[in-house]
Amino acid sequence: MPSKVLLSGAQLELLLHRLAWQLIENHQDFSNTVLVGLQPRGVILLEELMAIIKKEQPQGKLTFGKLDTTFFRDDFRRSTKIHTANSTEMEVQVENKKVVFIDDVLFTGRSIRAALTAINSYGRPESVELLVLVDRRFSRHLPIQPDYVGAQIDAFEGDRVRVNWEQQLQKSNVYLEEGNS
Amino acid sequence: MKTLSVNHLLGIKQLTAEDLHLIFETADHFKEVINRPIKKVPSLRDITIANLFFENSTRTKLSFELAEKRLSADVINFSASQSSVKKGETLVDTVNNILAMKVDMVIMRHPKPGAAQFLSERVNACIINAGDGTHEHPSQALLDAYSLREKMGDLKGKRIAIVGDILHSRVALSNIFALQKLGAQVKLCAPKSLLPQYIESLGVEIETDLMKTLQWCDAVNMLRVQNERMEVKYFPSTREYAMLYGLTMEKLEQLRKEIIILHPGPINRGVEITSAVADSDQAIILDQVENGVAIRMAIIYLLAAKLNITAQ
């Protein structure tokens, strides 16, 4: 399958810094905020963003969780693909907190729908925002839009947009795998 | 993406080691789910499950029912004592009538060995064996192995003893299969009269001395004496059995090592295990009950994933 790089490591680094600053702008010291990385790949983005925020606000305290939405998906028994669950680590209170969902690529919006149901198992947040690194435009199946976007990308439905995370951010990239359609 | 190698859970014998690990990994996730403030996931909201209990049960029935409800399945319960079985209806007719009400899965306990296998060959639904006579009780063996794994880590090379009424125990047979598939060594300890003939052909060691068994093992599963299945006397008296095969604090103290103690319940306190042992820190009996719900959620979830909606 042919693939092409959409964002280089250097571009990715810039985007992450911008997203981190946007979070700081809206949530200041994060005292009433819970950052929630969506398993599996949103968790890596969560960790990258937290590293930047901690550097900018060394005295601040970030509360975060990792949420798996497998059991809340709406395609169980509807495709031949069986989804394997990942661990959920939600040792935080979300009741009356400002929750920010963090995921790498926003495509149909169905995972976010599942996450909105899943988060209610832990309480009723005051508000829920969505941060994504890549927003695949015009591909939504549900009325879900992100609040913070790294980059917007147009791709055909059969294409796959992937974030390749490396140990060093400079070596990471976002690439597109062209599908058959 | 991983899936089970079977479409029904009839016994541990039919499962592979990979199946066991997949069930354990899935149960880990469900254990987290049942410790959330809201202990429910919507995965099985379009599945209906019938619990068919042709034999008495407290723990298994409640545990399965709770697992089904935590997965948002619709549940119907059936117990033979209040049913048309008493009027002479056959098993296949009873089940087919229940399936005509659009039931997707059947969880069955039956006094006859092989009943689950028999049913799976004759009706169009996913069957989970919740105990068939003296044959197998796969969900119990899975939760026992899962509880051991939680305490001891990988069971490879670990020494596990099963003590008590092996002859009438479905828990014993399922446990032997499960522990061996996970690489553990298994020793059975019972009076000769309560050991089935040819049981050594399964590759287990046999011992009749409880103290020697306890010295050898890392964990011991104490089975109940199943008086209800005994048509003749298998040992002179309950008191003698308790003296020779009952687990007491005195026996544990002589060991100079800590072993893990399991019991599938219901406990006959003072017979196979004293109250002091059953309530001690070494006993993980209540962990087994908690893990039972997570394990049964995993079994139901993984089998339900194979009921593809597009194939219906």
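Please read these numbers as outputs of a predicted model, since none were measured by experiment. (Residues numbered from 1 in each chain as written. Chains lettered and ligands numbered in written order. Predicted model: local features only at pLDDT ≥ 70, side-chain atom pairs only at ≥ 80, totals over all residues. Heavy atoms only, no water.)

Take the overall build of chain B next. If you tally the helices and strands in chain B, you get 11 helices and nine strands. For 312 residues, the compact-globule estimate of 2.2 N^0.38 gives 20 Å, and the C-alpha radius of gyration of chain B, at 19 Å, lies within 12% of that figure. Its C-alpha atoms give chain B principal-axis dimensions of about 60 × 45 × 35 Å. Taken across its 312 residues, chain B has 58% of its residues classed as buried. By sequence separation, contacts in chain B at least 24 residues apart represent 74% of the contacts at least 6 residues apart. Carbon and sulfur atoms make up 50% of the accessible area of chain B, which amounts to about 13,500 Å² in all. If the 37 positive side-chain charges of chain B are averaged to one point and the 36 negative ones to another, these points end up 1 Å apart. (Helix = DSSP H or I, 4+ residues; strand = E, 2+ residues; numbered from the N terminus. Rg over C-alpha atoms; globule rule 2.2 N^0.38 Å. Buried < 20%, exposed > 50% of the residue type's maximum accessible area, 1.4 Å probe, protein only. Contact = heavy atoms within 4.5 Å. Areas by Shrake-Rupley, 256 points an atom, 1.4 Å probe, with all protein chains shown as cover. Lys, Arg positive; Asp, Glu negative; His and termini not counted. Charge placed at Lys NZ, Arg CZ, Asp CG, Glu CD.)

The next point concerns helix α2 (residues 42-56) of chain A. Residue and element names in this part refer to chain A. In this model, α2 (15 residues) spans 21 Å end to end at C-alpha, consistent with the 21 Å of a helix rising 1.5 Å per residue. Turning to α2, its buried residues number three or more, namely Gly42, Val43, Leu45, Leu46, Leu49, Met50, Ile52 and Ile53. Next to the buried residues of α2 lie α1 (9-27), β2 (33-38), β3 (63-67), β4 (98-106) and β5 (127-136). (Expected span 1.5 Å × (residues − 1).)

All names here are of chain A. Within the secondary structure layout, Asp135 lies in strand β5. Given the relative accessible area of 4%, Asp135 is considered buried. At 2.6 Å, the side chain of Asp135 and the side chain of Arg140 are in polar contact. With residues near it in sequence (within four places) discarded, Asp135 still touches Leu106, Arg140, Pro146, Val149, Ala151, Gln152 and Ile153. (Polar contact = N/O pair within 3.5 Å; in protein donor to acceptor, adjacent residues only side chain to side chain.)

The subject of this paragraph is the sheet that holds strand β8 (residues 219-222) of chain B. All names here are of chain B. Pairing in this open sheet of five strands is parallel, and the strands run β7-β6-β5-β8-β9 from one edge to the other. A single partner strand is all that each edge strand has here, and the edge strands are β7 (205-207) and β9 (260-262). In this sheet, adjacent strand axes meet at a mean angle of 25° when their direction is disregarded. Where strand β5 (residues 159-163) and β8 come together, four bridges link them in parallel fashion. Across the sheet, Val163 pairs through a bridge with Met222, a residue of β8. Where helix α5 (residues 138-152) meets the sheet, it contacts β5, β8 and β9, and its direction lies at approximately 165° from that of β9. (Pairing = 2+ DSSP bridges. Axes fitted to C-alpha atoms, helices over the stretch in contact; angles between N-to-C directions.)

This next bit is on the domain arrangement of chain B. Residues and elements named next belong to chain B. As far as domains go, chain B holds domain 1 (17-137 + 290-311) and domain 2 (138-285). Inter-centroid distance (C-alpha atoms) of domain 1 to domain 2 is 26 Å. Each partner contributes to the interface: domain 1 provides 26 residues, whereas domain 2 provides 26 residues. Between domain 1 and domain 2, the buried area comes to about 2,200 Å², and carbon and sulfur atoms account for 59% of it. At the junction of domain 1 with domain 2, the criterion picks out three salt bridges. The partner of Arg170 in a salt bridge is Glu55, with the nearest N and O atoms 3.1 Å apart. Run the count over domain 1 and domain 2 and you get 12 residue pairs in polar contact (both at pLDDT 80 or more). If you list the elements that add at least two residues to the side of domain 1 that touches domain 2, you get α1 (17-33), α2 (59-70), β3 (105-110), β4 (126-132) and α11 (285-304). (Domains from an automatic or database assignment. Buried area = accessible area lost by both parts, 1.4 Å probe. Salt bridge = Lys/Arg side-chain N within 4 Å of Asp/Glu carboxyl O.)

Let us look at the pairing of strand β6 (residues 185-189) of chain B. Residues and elements named next belong to chain B. When you tally the buried positions in β6, you get four out of five residues, the bulk of the element. In this fold, β5 hands off to helix α6 (residues 170-181), which returns the chain to β6; that crossover is right-handed. Inspection of the sheet shows β6 paired to β7 by three bridges, in the parallel sense. Counted as the bridge partner of Lys187 is Glu205 from β7. (Right-handed = clockwise from strand over helix to strand, strands pointing away.)

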